[in-house]
Number of protein chains: 2
Amino acid sequence: MPFWKKDNSNKEVYTNVIQGLRQIYSQKLLPLEEAYRFHEFHSSQLEDSDFAAKPMVLLVGQYSVGKTSFIRYLLNEDFPGIRIGPEPTTDSFIAIMHNEHGGVVPGNALVVDPTKPFRPLSKFGNAFLNRFVCSQVRNELLETITFVDTPGILAGEKQRVDRGYEFSQVLEWFADRCDRILLLFDVSSLDISDELKRAIEVLRRNDDKIRIVLNKADSIDQQALMRVYGALMWSLGKVLGTPEVCRVYVGSFWSKPLQYDSNRRLFELEAKDLFGDLESLPRTATLRKLNDLIKRARLARVHAFIMSELKESMPSVFGKDQKRRELINNLHLVYEKIERQQNIPLGDFPKIERMQEILQNMDFTKFKPLDKKLLERVDKMLAEDVPRLMSMLPREELAYMNSTQPEFG
Amino acid sequence: MPFWKKDNSNKEVYTNVIQGLRQIYSQKLLPLEEAYRFHEFHSSQLEDSDFAAKPMVLLVGQYSVGKTSFIRYLLNEDFPGIRIGPEPTTDSFIAIMHNEHGGVVPGNALVVDPTKPFRPLSKFGNAFLNRFVCSQVRNELLETITFVDTPGILAGEKQRVDRGYEFSQVLEWFADRCDRILLLFDVSSLDISDELKRAIEVLRRNDDKIRIVLNKADSIDQQALMRVYGALMWSLGKVLGTPEVCRVYVGSFWSKPLQYDSNRRLFELEAKDLFGDLESLPRTATLRKLNDLIKRARLARVHAFIMSELKESMPSVFGKDQKRRELINNLHLVYEKIERQQNIPLGDFPKIERMQEILQNMDFTKFKPLDKKLLERVDKMLAEDVPRLMSMLPREELAYMNSTQPEFG
Ligand SMILES: Nc1ncnc2c1ncn2[C@@H]1O[C@H](COP(=O)(O)OP(=O)(O)OP(=O)(O)O)[C@@H](O)[C@H]1O
Ligand SMILES: Nc1ncnc2c1ncn2[C@@H]1O[C@H](COP(=O)(O)OP(=O)(O)OP(=O)(O)O)[C@@H](O)[C@H]1O
Ligand SMILES: [Mg+2]
Ligand SMILES: [Mg+2]
């Protein structure tokens, strides 16, 4: 395994931070959310799998560019169901995940497993589920990252006929949910078929996640490599259409030694950069979750103030309906009052139109009055627990220093 | 001078072939053209300057990318009026041409010189002519190629305000007439300003002539070079919009030794390719002229048959006008008759509508009957003179072998 080796500590840290997040969510934030019906207004309750899901790296490319070999190289071992070969080999979407016991879990079982983030995939039907498996391996790297290997993209009819499901739609589902998309090319087959183009167009909405790998680059000399690389950039620029240049990592990512020495130094630097990028995923994914939880907690707080204010504004006997209408129409006055009293910036408030719409069908008298205890718990969570979890995360600089130089071969 | 040096022979060959073409044109083809009023129907008489014009290489790019330094490097000496510097320096279009005596000829004098191909430039007016000069140098390289240095493209207002003429239109004129366009970039200033984009759009119609030079490439290491080069291809692909990837030559094209050694081998290969490309221009330009003359001669032959047939079909006394109308309307019958009798493929005949249009206003009785002597002269030219001139040209392979390895620094 070319990296991560000496960085055992961080893996635990992230697991601990994520565990911590799950805990403070269910103990401190969830009660407030439930008390003020947060899930009906804003977003559904977080599940364990929302916390547990590891950063996911999706590999996409034409057949035979070396997607499966790339994963094998990083894992430094075979995974169950692995097939590598010059003809189109991988015929399924394979989620490669950590598990002490190993083995293959078929798609139909995967989409009913609450601990895995694949439940929505059931909508793609059996034709897809028969082509979707989870390959479980006990591998250190997989403790922090999940890889998704995909069937190589074929040109022409084959792509359409052979599959019984909508490849593009499945690809899009994974692209939306993953943290990184590695789009692989190999120096001997650069041309972008219509089918590959269509796949890239599907990925484009997540273009910030895309990194390009120009693989098998050690089979040609420096000048030829420049030509090939230039041709790739020439057409990618047009297909991706973003003004920002997509980062391309040039190298040969498999377990065999380099054929030619001429570009060794370059390939080493490129591999280091690419691994550095992948290595940062657990950190950034954890940070993102932490950040999302803070945002959610602040919203839940404001939401509690709004709901209790509405409750407390209701008359106890007559004119309930009229008062309700009045409150909905003048919801901005409620907002302003809370803004003043609680000193919460207006920007933290939920969109007024959306609140008005949902409130339309609700009985305000059933809302809860202000529960200071619940609020204090969340305040404490934001003031104490979150900073504690944050401080567990290694600083970016620290993480980079801890990470080891890549080892090749 | 990095190339051409040992290839003195070819230069003369091309000069001789061109001389030969001019001679056979005026002695053997021109009389037939004149006899049958070819110039009124097809294209005007060829001038000496049409033959004499050397292949022209146009240099275009943002200011300070090293256009002038590039030319200086190839010439291995300064040319009159040369200015090199980090600020915008070249402020005129400079045609750098061979001349035994050297010196600078101002634009106003250039556009009235019948031996130079610049006469049509007078239409751009004085503001341009004051910014157009010919820099004459006695330099071997210039005996086979003319360079045109251009003012660097500036970003924003400067580009528009400072010039009193339409830069784009002038650029287009040169792009249409030149044989090669070198579009220079330098590794430290890649971004394509709106003005540069506009210039590239002007060149796009001649995209087959464009070659890109990524200059000053020895100031960065291989990985940085890949990034820069990739970014250039990324945006160029979009700006040029052709599916074919434009050839980019990476290197440092000036008289100083390389700063870093890491990419030396690459730069040497790239320079060799670029110089090979430029070196082929005299050959391809000569071949093109030869080819054009053959096409012209074949057309002139057919034209002579048509005109004499029309003449001979006219009645000697009555019904001239009616016959003329009849002939014009049934011109295809005339074509078919000549096709049969002379065994000339129909594809060699001029467009029938255009002929009909021009014939409308002509007195057929004044046309010349068939002059076998004139025709024989042209036939002989095609059968003997042209092959003789052709055989003087070195074969492409031969020329490449004769060309020397580039010498650097
Ligand atoms: N870096 C490399 N250099 C040279 N050959 C390689 C490299 N990586 C993989 N290969 C070879 O390329 C072929 C295809 O590899 P692999 O099966 O990993 O590609 P794939 O992209 O997963 O293909 P598919 O889409 O069909 O699953 C195999 O023969 C493999 O040995
Ligand atoms: N290959 C090179 N490597 C590094 N520096 C260079 C190179 N070529 C030229 N320069 C430097 O770049 C600067 C600009 O060069 P030059 O005047 O030739 O550019 P230019 O494109 O002709 O500019 P302008 O458009 O203003 O005429 C000068 O200082 C020159 O010495
Ligand atoms: Mg595979
Ligand atoms: Mg200049």
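Since the structure is predicted, the reported quantities are computational estimates derived from the model, not experimental observations.

(A) Spotlight on the coordination of the magnesium ion (ligand 4). All names here are of chain B. Here the magnesium ion (ligand 4) is held by Thr68 (OG1) and Thr90 (OG1), and the distances to it run 2.0 Å. Of this pair, Thr68 sits in helix 4 (residues 67-75) while Thr90 sits in the loop between helix 4 and strand 2 (93-98), and the two are 22 residues apart along the sequence. Comparing Thr68 with Thr90, the two get one shared label, buried.

(B) Local environment of the coordination of the magnesium ion (ligand 3). Protein-derived ligands of the magnesium ion (ligand 3) are Thr68(A) (OG1) and Thr90(A) (OG1), with the metal-ligand distances lying across 2.0 Å. A residue is classified by how much of its surface remains accessible, and Thr68(A), at 7% relative accessible area, is buried.

(C) Expanded view of the interface of chain A and chain B. Facing 28 residues of chain A, the contacting portion of chain B comprises 28 residues. When chain A packs against chain B, close to 2400 Å² is buried across both sides, 63% of that on carbon and sulfur atoms. Three residues, Gln223(A), Met226(A) and Trp234(A), lead the burial of chain A against chain B; their summed loss comes to 33% of the area buried on that side. In this structure, the connection of chain A to chain B is made through two salt bridges. Inspection of the region where chain A meets chain B yields 16 residue pairs in polar contact (both at pLDDT 80 or more). Among the secondary structure elements, those contributing two or more residues to the side of chain A that touches chain B are helix 10 (222-240), strand 8 (248-250) and helix 11 (264-313) of chain A. The biggest single contributor to the side of chain A that touches chain B is helix 10 of chain A, with 14 residues. Of the residues assigned to the side of chain A that touches chain B, the class counts are 15 nonpolar, seven polar and six charged.

(D) Geometry of the pattern of salt bridges. Residue and element names in this part refer to chain B. By the definition in use, this model includes 47 salt bridges over all chains. Between Asp186 and Lys216 there is a salt bridge; the shortest N-O distance is 3.5 Å. Of the two residues, Asp186 sits in strand 6 (residues 180-186) while Lys216 sits in the loop between strand 7 (210-215) and helix 10 (222-240), which places them 30 residues apart along the sequence. Its relative accessible area of 3% is what places Asp186 among the buried residues. Linking Arg247 and Asp273 is a salt bridge whose minimum nitrogen-to-oxygen distance equals 2.6 Å. Separated by 26 residues along the polypeptide, Arg247 in the loop between helix 10 and strand 8 (248-250) and Asp273 in helix 11 (residues 264-313) bring together distant segments of the chain.

(E) View of the site of ligand 1. Residue and element names in this part refer to chain A. Lining the immediate surroundings of ligand 1 are 20 residues, of which Ser64, Lys67, Ser69, Thr89 and Thr90 lie closest. Residue Ser69 places a side-chain N or O atom 2.5 Å away from an oxygen atom belonging to ligand 1. Protein chains bury 89% of the 630 Å² of accessible surface belonging to ligand 1 in isolation. Broken down by element, the residue count for the shell around ligand 1 peaks at three residues, all from helix 4 (residues 67-75). For the shell around ligand 1, the class distribution of residues is seven nonpolar, 10 polar and three charged.

(F) Spatial organisation of the relation of the copies chain A and chain B. Placing chain A over chain B gives an RMSD of 0.2 Å and needs a rotation angle of 180°, together with 0.1 Å of translation along the axis. These values place the two chain copies in the arrangement generated by a two-fold rotation axis. For chain A, the smallest separation between a C-alpha atom and the rotation axis is recorded for Trp234(A), amounting to 2.4 Å. With an isologous cut-off of 70% or more, the 100% of interface residues of chain A that recur at the interface of chain B puts this contact in the isologous class.

(G) Broad picture of the site of ligand 2. All names here are of chain B. Around ligand 2 lies a shell of 20 residues, among which Lys67, Thr68, Ser69, Thr89 and Thr90 are the nearest. Separating an oxygen atom of ligand 2 from a backbone N or O atom of Gly66 is a distance of 2.9 Å. Here Ser252 contributes a side-chain N or O atom positioned 2.8 Å from a nitrogen atom of ligand 2. Protein contacts shield 89% of the accessible area of ligand 2, which totals 630 Å² for the unbound molecule. Residue contributions to the shell around ligand 2 peak at three residues, all from helix 4.

Here is what the cut-offs are and how they apply
Residues numbered from 1 in each chain as written. Chains lettered and ligands numbered in written order. Predicted model: local features only at pLDDT ≥ 70, side-chain atom pairs only at ≥ 80, totals over all residues. Heavy atoms only, no water. Donors = N, O, S within 2.8 Å, 3.2 Å for Na, K, Ca; no water. Helix = DSSP H or I, 4+ residues; strand = E, 2+ residues; numbered from the N terminus. Buried < 20%, exposed > 50% of the residue type's maximum accessible area, 1.4 Å probe, protein only. Contact = heavy atoms within 4.5 Å. Buried area = accessible area lost by both parts, 1.4 Å probe. Salt bridge = Lys/Arg side-chain N within 4 Å of Asp/Glu carboxyl O. Polar contact = N/O pair within 3.5 Å; in protein donor to acceptor, adjacent residues only side chain to side chain. Nonpolar A, V, L, I, M, F, W, Y, C, P; charged D, E, K, R; others polar. Near = heavy atom within 4 Å. Areas by Shrake-Rupley, 256 points an atom, 1.4 Å probe, with all protein chains shown as cover. Least-squares fit on C-alpha atoms with pLDDT ≥ 70 in both.

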